[in-house]
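# Results of the structural survey
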Amino acid sequence: MKRLDIQALRGFAVLVVLLFHFNITPVKGGFLGVDIFFVISGFVITKRLAQGSGTFRQELIDFYKRRVKRILPASLAVIVITALLSRVFLAPTNFTRFGLDGIATTLFAGNLRFAVQGNDYLNQSASPTPYLHYWSLGVEEQFYLLWPILFLLFFRYRKKLVPYFFILATVFAIWYTHIAAINSFYLPFSRAWEFLAGIAIALLVPEGKKRFGAMIATLGWLMIIASVLLIDTTMPVPGITTVIPVVATSAILYANVDFFWKRPMAWLGDISYSVYLIHWPLVVIVLQRYGRISNESKILLFASSILLGWALSRFIENPFRYRKSLRLGFASWGISIAAVGSIVFGLANFAIPARGVTNHIAINIESPAIYSNGCHLAFGIDWPTKSCVFGDLRSNTEVILTGDSHAAQYFPAIENLALQRHWRLLSLTKSGCPAILLVTKRNGTIDNSCVNWQKRVIAQINADQPAHVFTSNFTEFHYPTIATSKSYAQLYSEGESSFLNELTIPASAVTYIEDSPHPYRNIPDCLSKTPNSCSFPLVQSATTLTVKRIVESHGSQYLQFKKWFCRSEICSATKNGYNLYRDSSHISTPAALALASQISSLIK
């Protein structure tokens, strides 16, 4: 089946994905291109299954043979190319992680690995995996594995069952996104409704011209264009807003109308699979190697992605797909998958641990102990399930450390101080949640776990009446908040002021540690590749400057160490032979320990 409108949809989908990833134009919803692909896949696969006439076993074998030769050649080739490029151009500190990502991707389970990792696709760190885009291929492959079996088993009842499955799957996806946004993004169960939208059109809509077809198709294209321009990463995905591109794609498939302008887009659709596979490794390698790039370089990368995608389609994808001489059996493809997995394993240096020495600099990327013991709370968790007490456990003098991950980064220093002064230290920190009264959003919905945690922290402090409270937050970052006419700095400062006013301990018992200088690039990666060019200018946000005024006006102590990190407004990546940062924003454990004496000498 090769319809011009379907190829044009594919071309449009890969185009907006590229524009989104390269950040060339304000296509805020370019990530929705994948949702368009899912609807198309449900439609096309179901149409092909409905045309079969063999036995159950023969139909399954024929289907899987078609899928294997369609998907695996280009996919496996790009996995090997990515492994080679990663080995040459990316930082050794990431070899282990990227190697495991590559192996999971080879086994069609990349999306499952990213879900387990809590890898937020829409809010990537400075060191994203070059295999991240394979999450969508994992979802598709899992759909291809299951749907043909269900289709053939429920052959007689499929038309009756599909509408009910579609409604249930849609409700489930919206609900699951609300309670587990990252898992919902990656898992096939919360993406099933998008495939089912295409399946419903394939099964329930007869072939032939439709009444008002041109009008329906035009409306569909207008909706799909509006969705990628107006929907952004602050909205729930897949959620209510995702319904718009799904309905729009379904309308275009239903109408089956060709417009003259679709032909150039259909050409891009013909090579869309290969273009999609090759573009993301280019993004990751260039950004990690050179940091921020110019618009001219982005355009060059965009053009290179299309050119390389065409070459991949021309010389690998299509020959394996259409030439009889290149048709392989399942056993041969199994050997190929094993071979690719072995190559990825071999190219990844699994000997590099969290601690290592590179370019005569001791690299330490270990997180503080409260990450591994469950005391630093992850997203979606509003209170620890264990007693997170450290320092001198027999002491009657309690101190509390609280804040987001930028408070947790100081845990080694505060724990060291607690041991020296015989304090009992209670650690209350949570990722992506500042210790202020500010309602934040996560994946488009209010982060209720953060709201609850903020209130419980205040209640805990007021109940314990600790001798001292240490706090810090990531003020160099803008947390997504509810829309308001106020500036972020003003909104944040009001939240900080409200938090401090809610505390019943003396203001002098609170010490606020200023947010560390933000390098905006992964420092260990930089040090392992270009150690002499990792310094960065000191830039402080309006939020950081405003918080200083709020804290000092409240009568609390405000500590700042920017002069310890930076000289003459230029901040260093190293100090005394070790890395000052463990990633793109958090200071390293050695840096925190080195600050312990500084903090001790400044505490009132």
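Fair warning: this is a prediction, and the values are worked out from it, not measured in the lab. (Residues numbered from 1 in each chain as written. Predicted model: local features only at pLDDT ≥ 70, side-chain atom pairs only at ≥ 80, totals over all residues. Heavy atoms only, no water.)

## Looking at the nonpolar core
- Among the nonpolar cores identified, the biggest contains 101 residues, and Leu9, Trp135, Trp147 and Tyr186 are the most heavily contacted of them.
- Ranked by the residues each element gives to this core, the list is headed by helix α3 (residues 56-89), at 12 residues.
- One finds Cys534, Leu559, Trp564 and Cys566 within the second-largest nonpolar core, a separate group that totals 43 residues. (Core = buried A, V, L, I, M, F, W, Y, C linked by side-chain atoms within 4.5 Å. Buried < 20%, exposed > 50% of the residue type's maximum accessible area, 1.4 Å probe, protein only. Helix = DSSP H or I, 4+ residues; strand = E, 2+ residues; numbered from the N terminus.)

## What to know about the environment of Thr589
- Mapped onto the secondary structure, Thr589 falls in helix α24 (residues 589-602).
- When its relative accessible area of 17% is taken as the criterion, Thr589 is described as buried.
- For the pair Thr589 and Tyr131, spaced 458 residues apart in sequence, the C-alpha to C-alpha distance is 29 Å.
- Non-local contacts of Thr589, meaning those with residues more than four positions away in its chain, are made with Glu366, Ser367, Pro368 and Pro412.
- Polar side-chain contacts of Thr589 include one of 3.4 Å to the backbone oxygen of Glu366. (Contact = heavy atoms within 4.5 Å. Polar contact = N/O pair within 3.5 Å; in protein donor to acceptor, adjacent residues only side chain to side chain.)

## A look at the packing of α3 against helix α4 (residues 95-106)
- Interhelical geometry of α3 versus α4 gives an angle of 175° and a closest axis separation of 11 Å. One element, α3, and the other, α4, form an angle in the roughly antiparallel class. For the pair α3 and α4, the contacting residues are Leu76, Ile79, Ser86 and Arg87 in the first and Phe95, Gly102, Thr105 and Thr106 in the second.
- Partitioning the contact of α3 with α4 into residue classes produces three nonpolar, four polar and one charged. (Axes fitted to C-alpha atoms, helices over the stretch in contact; angles between N-to-C directions. Parallel < 35°, antiparallel > 145°, perpendicular 65-115°, else oblique. Nonpolar A, V, L, I, M, F, W, Y, C, P; charged D, E, K, R; others polar.)

## So, the side chain of Thr106
- Along the chain, Thr106 turns up in helix α4.
- Leaving out residues up to four positions away in the same chain, Thr106 has contacts with Leu76, Ile79, Ile337, Val340 and Gly341.

## Some words on unusual backbone geometry
- Cis rather than trans, the peptide bond between Val237 and Pro238 has omega equal to -10°.
- For Asn256, which is not glycine, the phi torsion reads 55° and is therefore positive.
- Relative to the assigned elements, Asn256 resides in the loop between α11 (243-255) and α12 (262-270).
- The backbone of Ser568 sits at a positive phi, close to 55°, despite the residue not being glycine.
- The exposure class assigned to Ser568 is exposed, which follows from its relative accessible area of 72%.

## What to know about the sheet that holds strand β13 (residues 566-567)
- Taken together, the three strands give an open sheet; going across it, the order is β11-β14-β13, and neighbouring strands pair in antiparallel fashion. Of all the strands in the sheet, the pair left with one neighbour each is β11 (536-537) and β13.
- Relative to strand β14 (residues 570-571), β11 runs antiparallel, the two being bridged by two bridges. Paired with Phe536 across the two strands is Cys571, which belongs to β14. (Pairing = 2+ DSSP bridges.)

## Here's the deal with the state of the cysteines
- According to the stated counting rule, one finds four disulfides in the structure shown.
- The partner cysteine of Cys526 in its disulfide is Cys534, sulfur to sulfur 2.0 Å. Between Cys526 and Cys534, the S-S torsion sits near -100°, and that sign places the bridge as left-handed. Each member of the pair, Cys526 as well as Cys534, is classed as buried. (Disulfide = S-S within 2.5 Å.)

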